[in-house]
Amino acid sequence: MDYKYIEQLLERYWEGETTLQEESILRTFFSQPDIPENLRKFQPLFVCEMQKEEPLGEDFDARILEQIGEAPVAKTVSLKDRLMPLFKAAAIVAIVLTLGNAAQAPWDIWEDPRGAYVKAQQELADTVNVLTTIQAENVSDTIQAPAKENSTYLE
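**Observations regarding the side chain of E22**
Piece 1. If you trace the backbone, E22 turns up in helix α2 (residues 20-30).
Piece 2. A relative accessible area of 14% means that E22 is categorised as buried.
Piece 3. Not counting residues up to four positions away in its chain, the partners in contact with E22 are L9, R12 and E17.

Written out as structure tokens, the structure is:
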């Protein structure tokens, strides 16, 4: 029997120029029991003997764990565990902002403590003077107001 067509298909297969139909022809040819001796070396490439295996089922994990001797362990993740990275990030941002605000605070006390003390005393004295003036004006207004009202009643 002449196998030139099969040999031509093999040449085209090695070149990568075969179509799916031609590869199907090669698989069919090499699945036959009577193959010439010079082509028998290519048979394993085209005939794949599939092993009969069990498909993975729903109980696959349980079977594997049974074989290795461990019980399945279900891990539950709480809301606290899920949000912990967010809490940590928020704490870091708060610390950085606090330190940034503290770095911008005036440090006059450290530069001239005596000057800061004198400045605070002067501001306190100014505040006391303003409050005294306001109180004196209120007292004089309350004293004069009833006199005016009384004078209108007397007439």
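**Considering the nonpolar core**
Piece 1. By size, the foremost hydrophobic cluster in this structure holds eleven residues: Y3, I6, L9, L10, L26, F29, F30, I35, L39, F42 and F46.
Piece 2. Where this core is concerned, the elements lending two or more residues are α1 (4-15) and α2.

**Some details on the pattern of salt bridges**
Piece 1. Applying the stated rule across the entire model yields three salt bridges.
Piece 2. Between R12 and E22 there is a salt bridge, with its nearest N and O atoms 2.6 Å apart. Residue R12 is located in helix α1, and its partner E22 is located in helix α2; the two are separated by ten residues in the primary sequence.
Piece 3. For R12, a relative accessible area of 31% gives the class partly exposed.
Piece 4. Across the salt bridge formed by R63 and D59, the nearest N and O atoms sit 3.9 Å from each other.
Piece 5. Classification of R63 as partly exposed rests on a relative accessible area of 27%.

**Overview of helix α5 (residues 79-104)**
Piece 1. Across its 26 residues, α5 extends 38 Å between first and last C-alpha, which sits within 8% of the 38 Å expected from 1.5 Å per residue.
Piece 2. P85 marks where α5 bends most, by close to 35°.
Piece 3. Summarising burial for α5: zero of the 26 residues are buried, a small minority.

Criteria and thresholds
Residues numbered from 1 in each chain as written. Predicted model: local features only at pLDDT ≥ 70, side-chain atom pairs only at ≥ 80, totals over all residues. Heavy atoms only, no water. Helix = DSSP H or I, 4+ residues; strand = E, 2+ residues; numbered from the N terminus. Buried < 20%, exposed > 50% of the residue type's maximum accessible area, 1.4 Å probe, protein only. Contact = heavy atoms within 4.5 Å. Core = buried A, V, L, I, M, F, W, Y, C linked by side-chain atoms within 4.5 Å. Salt bridge = Lys/Arg side-chain N within 4 Å of Asp/Glu carboxyl O. Expected span 1.5 Å × (residues − 1). Bend = angle between axes of the 7 residues up to and from the residue.

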